[in-house]
Amino acid sequence: MAGTTPQRTDLEGVDGGVGLTALLVAAARAIETHRHDSLAQDAYAEHFVRAAPACKDWPVRIEQVPDGDSNPLWGRFARYFGLRTRVLDDFVLRSVGAGARQVVLLGAGLDTRAFRLVLPSDCVVFEIDRAGVLAFKQRVLTDLSAAPKVKRVPVPVDLRADWVSALTTVGFDPAAPSVWLAEGLLFYLPGPAETYLIDTVDRLTTAGSALAFEAKLEKDLLAYRDSPIYTATREQIGIDLLHLFDKGPRPDSAGDLTAKGWSTSMYTPFDFTRRHRRGPLPESNDALEGNRWVFGHKHRP
């Protein structure tokens, strides 16, 4: 599906591969936004979906899905992304409430937290992603005359390149507390790249900083190849997530952080479903079974 889309410079990075998953998550946020029991509000999400030819036919409301919430992709999986958005929104808000004034989004994609969240006026949001992804996002937001609520600094650099220099050059201060999100990112990276990223976050943070990331615990991702979520995503929108995920062994990043003096906590998404009384619950052959959300707080520089 995505392969038939003409290449355009402003769409480079979102019309195929991992970039297309940013549009999937945006569509999920749009669906969540319009729910009567919404967990998170993102008024910009549906505009990203409509601006990219690769997904112009995707739903942005659950009412546009013939089988509604029973659809594994646009019902259950989209609700998962809505729940993840809410949980990480809350994490950012708690972190800035505790004193962090720098927010760093690793692989920011189509994240709109700088536009959606009510953050202190002296906060700065740094968005790290490939230039093509950030350019597409900027074009859509400019067309909407959207203005961020706080200072927003796009950092157009691939995470496989020297993103540390790019980040510090535009004003990030390692000596000031910061909060970092790696939302839906790490399982696309080879294990050594994840370890490097976690080590680098530790090196760039001081006491009072925080980090949230998503991990997968499965030893064999392909065990869930025929799960309803992965099957529906492949068949309905042509995204094979298991092809995009790195198949190598995963590091114990939560353990690595603990060894460096962080306190960490790990949850299943279902823990938050129960807390918020809405969201996905476990089912058989469940591709979400191994997903974990990890939250770290640094206590010494």
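Everything in this summary refers to the structure shown in the same document. (Residues numbered from 1 in each chain as written. Predicted model: local features only at pLDDT ≥ 70, side-chain atom pairs only at ≥ 80, totals over all residues. Heavy atoms only, no water.)

Right, let's talk about the pairing of strand S2 (residues 124-129) for a bit. Across the 6 residues of S2, 6 count as buried, placing the element largely inside the fold. Of the two faces of S2, the one lined by Val124, Phe126 and Ile128 and the one lined by Val125, Glu127 and Asp129 are each fully buried. Both strand S1 (residues 102-106) and S2 contribute to a ladder of 5 bridges, which runs parallel. Along S2, the bridge assignment pairs Val104 with Phe126. Judged from the 6 bridges that link them, S2 and strand S3 (residues 151-156) form a sheet pairing that is parallel. (Buried < 20%, exposed > 50% of the residue type's maximum accessible area, 1.4 Å probe, protein only. Helix = DSSP H or I, 4+ residues; strand = E, 2+ residues; numbered from the N terminus. Pairing = 2+ DSSP bridges.)

Core analysis: the biggest nonpolar cluster contains 74 residues, and Leu23, Phe48, Trp58 and Trp74 have the highest contact counts within it. Not counting residues within four places of it along the chain, the set of residues in contact with Phe48 comprises Leu23, Ala26, Arg29, Leu110, Thr112, Phe136, Lys137, Val140 and Leu141. Counting 29 residues, the second-largest nonpolar core is a separate cluster that includes Leu106, Val153, Val155 and Leu159. (Core = buried A, V, L, I, M, F, W, Y, C linked by side-chain atoms within 4.5 Å. Contact = heavy atoms within 4.5 Å.)

Another aspect to go through is the packing of helix H3 (residues 72-97) against helix H11 (residues 269-276). When two helices pack together, you describe them by how their axes are tilted relative to each other and by the distance separating the axes. The interhelical angle for the contact between H3 and H11, taken along N-to-C directions, is 80°, at an axis separation of 10 Å. Here H3 is positioned roughly perpendicular relative to H11, judged by the angle of their axes. Each of Arg76, Tyr80, Leu83, Arg86, Val87 and Asp90 in H3 lies in contact with H11, whose residues at this interface are Pro269, Phe270, Phe272, Thr273 and His276. Among the residues forming the contact of H3 with H11, the class breakdown is 6 nonpolar, 2 polar and 3 charged. (Axes fitted to C-alpha atoms, helices over the stretch in contact; angles between N-to-C directions. Parallel < 35°, antiparallel > 145°, perpendicular 65-115°, else oblique. Nonpolar A, V, L, I, M, F, W, Y, C, P; charged D, E, K, R; others polar.)

This next bit is on the pairing of strand S5 (residues 210-216). A large share of S5 lies buried, amounting to 7 of its 7 residues. Of the two faces of S5, both are covered, the one formed by Ala210, Ala212, Glu214 and Lys216 as well as the one formed by Leu211, Phe213 and Ala215. Taken together, strand S4 (residues 178-182), helix H7 (residues 191-203) and S5 constitute a β-α-β crossover, and its handedness is right-handed. Of the strand pairs in this sheet, S5 and strand S7 (residues 291-298) are connected by 7 bridges, and their pairing is antiparallel. Pairing of Ala212 across the sheet is with Phe295, part of S7. (Right-handed = clockwise from strand over helix to strand, strands pointing away.)

Right, let's talk about the side chain of His276 for a bit. Locating His276 in the fold gives a position in helix H11. Beyond its immediate stretch of four places on either side in the chain, His276 contacts Leu39, Leu83, Arg86 and Asp90.

Here the focus is the packing of aromatic side chains. Counting across every chain of the model gives 19 aromatic pairs. Here the aromatic rings of Phe126 and Phe172 are separated by 5.8 Å at their centres, their planes lie at 80°, and the arrangement is edge-to-face. Of this pair, Phe126 sits in strand S2 while Phe172 sits in the loop between helix H6 (163-169) and S4, placing them 46 residues apart in sequence. Seen from their ring centres, Tyr230 and Phe245 are 6.2 Å apart, and the 70° between their planes marks the pair as edge-to-face. Of this pair, Tyr230 sits in helix H8 (residues 228-237) while Phe245 sits in the loop between helix H9 (241-244) and helix H10 (253-259), and the two are 15 residues apart along the sequence. For the residue pair Tyr230 and Phe245, the accessibility class agrees, reading buried in each case. Its guanidinium or amino end placed over the ring of Phe187, Lys216 lies 5.9 Å from that ring's centre, counting from NZ or CZ. (Phe/Tyr/Trp six-rings, centres within 6.5 Å; stacked < 30°, edge-to-face > 60°. Lys NZ or Arg CZ within 6 Å of the ring centre and 35° of its normal.)

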